[in-house]
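Geometric and topological summary
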Amino acid sequence: MGNQPRIRIFVAAAGQETVNDLYRAILNDSRLMAAGAAATMDALPTTLPYANPDVLILDAELLVGLGNPKKMVEYVGNLPGAVVLLLPANLDALRGQFVALPNVHEVLQKPVSPSEAVARAYQVGISAQVATSAQAARAAASAEGTAQAGGAALPGLVVAVFGKGGTGKTTIAVGLATTFHRHGIRTLLVGLDVPDAVGIQLGLSPSPNMLEWFRNPSLETLESLIRQPKSPDLPDVLLSPNDAVAAAAIANADFVERLREAVRETAATLPNLTPASVADVAADGAQQAMAAGGTGRIVALIDAIRRLPRPYAAVVLDLPPTLANDWAVQPIRRANAVILVAEPSYTDQVNVAHAVQVLTGAVDARYRLSRSSLYIVLNRVQEGDLDGRAMQEGIATLNEQTLGEAWAPPILAVVPASPAVRKAQMEFRSPLDTDPGMRSAMEAIARYFFGDVIAEQKPARRYIRIGPIRLGVRR
Ligand SMILES: Nc1ncnc2c1ncn2[C@@H]1O[C@H](COP(=O)(O)OP(=O)(O)OP(=O)(O)O)[C@@H](O)[C@H]1O
Ligand SMILES: [Mg+2]
């Protein structure tokens, strides 16, 4: 492991001693790297841009030489990158102005221990990394034919929504796909959990669904199975087979196919088979077939979606609540982002830590996602719950034991618990229209992945339906 880049921190503090203390705290933390240091203002303009850190820890005492408060605030506002400001008591009157600067992520009251300052800088750096990988995800979303780890050419963003049973996966998947769609991003929402929950939330009948495609895997069939909900404010939808027996049969058939291939390969190298060696070959083959779990017809379905003549810019997958299932293993292989939905509880710290371990391949060779594609969405958050930082720290600590490194995915959004969510679902309305917390959380994620598209302030689209045709009109 260890493929996660360290957070690079630059230290600027008044006096070599303070610099050294902070520097030592950085060196003691394996998640961090010292990008540079300055003990006077003069050193900053040349060293800082060159060092190009993720985070600058700036002791505001350094600024006193600038003379007046206006200049100090201006100076900080012009610094590149994310700033964690250490504020001495005599400058406390400027706190509000510093906090308001977009590049200042934290203002810490002095005295502050070096380890505390560095820990905060780490958190800020993690968010900065989120912004960087957002650019990567967006690039992937816009680049046609981007090569995926799995080998297939996959234009567009594939987001898989995963989490323990009942955490709100389907709610988040539907909300996110709807938000993408409402921003004019052509989106397909895919249900992969059985029985199909996406259709239930949107008030759709359970068929037609993807089952027919497994019998007749052509693009025309696939197109005919994609549903357009009655409300033009909702995205296109492909529903799950809605039949546990059929779904298991598909997964089992995929396994048998992988087994056949593995056994064929091994058997070809053994000319004199005995009953004992046949059993060994079969057992080895079964293991190989499991390890190759990321191939099969469910992967082929995602690939087919990517090859539809009218491509989707975003595909949102509502996964089943367990990773021990081909209906999760296979589609995740094609995801460029996995959102782990969790509640702010100790139980979900364990669940997220476990998912991180499995998905990054630490315990199961079927998954080999890079850490930069994993995110957390905290759902059903209430007053007095663990905060995001406590969640991340808990997850990182759990992962330290198994991954050998304290790491937690960044938190992409926090959704408050709200009775309006279920109420809206019971009335087949979108919680986005009734619950501001849900709406702003989904907006935050949409902006993360498609910020540049959304920031263009394209007038929102409204749709009029004429028979089977939907027309987008500008508001
Ligand atoms: N932010 C929220 N506030 C209040 N209730 C919520 C919130 N998010 C989800 N719920 C409710 O929690 C319940 C479970 O949500 P959902 O079905 O989306 O979870 P899930 O993880 O997909 O479940 P499953 O594991 O069964 O697929 C639903 O009744 C939903 O209305
Ligand atoms: Mg669900």
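Here we summarise the structure given alongside this text. The structure displayed is predicted, hence computed values, not measured ones.

1. Re the sheet that holds strand 8 (residues 236–238)
Pairing within the open sheet is parallel, and its 7 strands lie in the order 8-7-9-6-10-11-12. Since the sheet does not close on itself, it has two edges, and those belong to strand 8 and strand 12 (411–416), each with one partner. For this sheet, the mean angle separating the axes of adjacent strands, direction not counted, is 20°. Where strand 7 (residues 187–191) lies against strand 9 (residues 314–318), 5 bridges are found, and the strand directions are parallel. For Gly 191, the partnering residue across the bridge sits in strand 9 and is Asp 318. Of the strands in this sheet, strand 6 (157–163), strand 10 (337–342) and strand 11 (374–381) touch helix 14 (residues 346–359), which is tilted by about 160° from strand 10.

2. Examining the pattern of salt bridges
Taken as a whole, this structure holds 21 salt bridges when the rule is applied. The salt bridge involving Asp 29 is made with Arg 31; its shortest N-O contact spans 3.0 Å. Like Asp 29, the residue Arg 31 is buried in the burial classification. A cluster of three or more residues bridged by salt bridges with shared partners is formed by Asp 59, Glu 61 and Lys 110.

3. Concerning unusual backbone geometry
The peptide bond linking Lys 110 to Pro 111 adopts the cis configuration, its omega dihedral lying at 0°. Among the structural elements, Pro 111 can be located in the loop between strand 5 (104–109) and helix 5 (114–142). Along the chain, Ser 207 connects to Pro 208 via a cis peptide bond; the corresponding omega equals 5°. One non-glycine residue with positive phi stands out, namely Phe 428, at about 55°. The topology assignment puts Phe 428 in the loop between helix 16 (419–426) and helix 17 (431–434).

4. Quick notes on empty space enclosed by the protein
Scanning the entire structure with this criterion turns up 1 cavity of 30 Å³ or more. As a volume, the largest cavity reaches approximately 40 Å³. Going through the elements one at a time, helix 5 and helix 15 (388–403) are the ones with two or more residues in the lining of the largest cavity. Residue contributions to the lining of the largest cavity peak at 3 residues, all from helix 15. Counting residues domain by domain, the lining of the largest cavity receives three or more from each of domain 1 (7–134) and domain 2 (143–247 + 295–474).

Quick notes on the rules
- Residues numbered from 1 in each chain as written.
- Chains lettered and ligands numbered in written order.
- Predicted model: local features only at pLDDT ≥ 70, side-chain atom pairs only at ≥ 80, totals over all residues.
- Heavy atoms only, no water.
- Pairing = 2+ DSSP bridges.
- Helix = DSSP H or I, 4+ residues; strand = E, 2+ residues; numbered from the N terminus.
- Axes fitted to C-alpha atoms, helices over the stretch in contact; angles between N-to-C directions.
- Contact = heavy atoms within 4.5 Å.
- Salt bridge = Lys/Arg side-chain N within 4 Å of Asp/Glu carboxyl O.
- Buried < 20%, exposed > 50% of the residue type's maximum accessible area, 1.4 Å probe, protein only.
- 1 Å grid on protein atoms, 1.4 Å probe; cavity = no way out; pocket = protein on both sides within 12 Å on 5 of 7 lines; lining within 4 Å.
- Points joined across faces, edges and corners; volume = space filled by probe spheres on them.
- Domains from an automatic or database assignment.

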